[in-house]
Amino acid sequence: GKLALRSIFKWLDKRIGRLDIAPVKDYNKEDVWTLSQQKALERALADYPATLGKQKRWLLIGKSVPGKDVTQCVNRFNKIRQEVLKKREKAKALRQEQTEKVR
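Residues numbered from 1 in each chain as written. Predicted model: local features only at pLDDT ≥ 70, side-chain atom pairs only at ≥ 80, totals over all residues. Heavy atoms only, no water.

### A word on the overall build of the chain
To be explicit about the condition: Helix numbering and strand numbering both begin at the N terminus, where a helix is a DSSP run of H or I of at least 4 residues and a strand a DSSP run of E of at least 2. It only takes one pair of heavy atoms within 4.5 Å for two residues to be counted as in contact. With residues, only the protein chains shown are counted as cover, and all accessible areas are computed by Shrake-Rupley using a 1.4 Å probe.
When helices and strands are tallied, the chain shows four helices and zero strands. Secondary structure elements in the chain, listed N-terminal to C-terminal, are α-α-α-α. In the chain, once contacts between residues fewer than 6 apart in sequence are set aside, the share between residues at least 24 apart is 50%. Only carbon and sulfur atoms are counted for the fraction: they give 54% of the accessible area of the chain, which is about 8,200 Å².

The structure is reproduced here in structure tokens:
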């Protein structure tokens, strides 16, 4: 809950310095993203390569998306990544199924 998030933020503060993260929010609510926020996230992902290191990269990405914080950006990225991986797995299974029917 909120206590766990606070302790995580304190740990992050010690590790990488103070993050300009808004007060603990209820992340159980659906996180609504506008098209412009999604485009800003995509642009930031392209602008800040993984070679920067995770903490620095995500801090920069979080600051690049208006109205969203680092946690929301990471959550959005992971959610979309999981959806893409699921689609790939379904497509792969369908191809295998079709190949087996041909034999």
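### Digging into the side chain of Asp 69
Here is the rule we go by: Whenever two N or O atoms come within 3.5 Å, that pair is a polar contact, provided that in protein one can donate a hydrogen and the other can accept it, and provided that, for residues adjacent in sequence, both atoms are side-chain atoms.
As for its placement among the helices and strands, Asp 69 is situated in the loop between helix H3 (54-64) and helix H4 (70-102). A polar side-chain atom of Asp 69 sits 3.1 Å from the main-chain amide nitrogen of Thr 71.

### Details of the pattern of salt bridges
As a reminder of what qualifies: Salt bridges are counted wherever a side-chain nitrogen of Lys or Arg sits within 4 Å of a carboxyl oxygen of Asp or Glu. Partly exposed residues are those whose accessible area sits between 20% and 50% of the maximum for their type, while under 20% is buried and over 50% is exposed, using a 1.4 Å probe and protein chains only.
Counted by the stated rule, this structure contains two salt bridges. Residue Asp 31 pairs with Lys 68 through a salt bridge whose shortest N-O separation is 2.7 Å. Of this pair, Asp 31 sits in the loop between helix H1 (2-16) and helix H2 (35-47) while Lys 68 is found in the loop between H3 and H4, placing the two residues 37 residues apart along the sequence. Judged by its relative accessible area of 26%, Asp 31 is partly exposed.

### Thoughts on H3
To keep things clear, this is the line we draw: Starting at the helix axis, one direction is taken to each C-beta atom, and the arc is that of these directions.
Along H3, the residues that are buried comprise Arg 57, Trp 58, Ile 61 and Gly 62. Down the axis of H3, the smallest arc covering the buried residues is 130°, so these residues share one side. When the buried face of H3 is taken as reference, the exposed residues oriented beyond 90 degrees from it are Lys 56 and Lys 63. Elements that come into contact with the buried residues of H3 comprise H2 and H4.

### As for the confidence of the model for the chain
Where we set the bar: Each residue carries a pLDDT score, the predictor's confidence in it, ranging from 0 to 100.
Confidence in the prediction of the chain, expressed as mean pLDDT, is 81, and 71% of residues score 70 or more. Put simply, H1 is where the chain has its lowest mean pLDDT, 56, and H2 is where it has its highest, 96. Low pLDDT, under 50, characterises residues 16-28; the stretch is placed with 22 contacts to residues that sit more than four places away or in other chains.

### Describing the nonpolar core
Applied cut-off: The term nonpolar core refers to a set of buried residues drawn from Ala, Val, Leu, Ile, Met, Phe, Trp, Tyr and Cys, joined through side-chain atoms within 4.5 Å.
Ranked by size, the top nonpolar core spans nine residues in total: Trp 33, Ala 40, Leu 41, Ala 44, Trp 58, Ile 61, Val 65, Val 70 and Cys 73. Every element with two or more residues in this core is listed here: H2, H3 and H4. Contact partners of Ala 40, with chain neighbours within four places excluded, come to Ser 64, Val 65 and Pro 66.

### A closer look at the packing of H2 against H3
Here is the rule: Every angle, taken between N-to-C directions, lies between 0 and 180 degrees, and every axis is a line fitted to C-alpha atoms, over only the stretch in contact when it is a helix. Throughout, the term roughly parallel applies to angles under 35 degrees, roughly antiparallel to angles over 145, roughly perpendicular to angles from 65 to 115, and oblique to all others. Throughout, a crossing is termed right-handed when the near helix is turned clockwise from the far one, and left-handed when it is turned anticlockwise from it by less than a right angle. The classification used treats Ala, Val, Leu, Ile, Met, Phe, Trp, Tyr, Cys and Pro as nonpolar, Asp, Glu, Lys and Arg as charged, and all other residues, Gly among them, as polar.
Direction vectors running N to C along H2 and H3 enclose 150°, while the axes themselves pass 9 Å from each other. The angle between the axes of H2 and H3 places the two elements in the roughly antiparallel class. For the pair H2 and H3, the crossing hand works out as right-handed. Here Ala 40, Leu 41, Ala 44 and Leu 45 of H2 come into contact with H3, specifically with Arg 57, Trp 58, Ile 61 and Ser 64. Among the residues forming the contact of H2 with H3, the class breakdown is six nonpolar, one polar and one charged.

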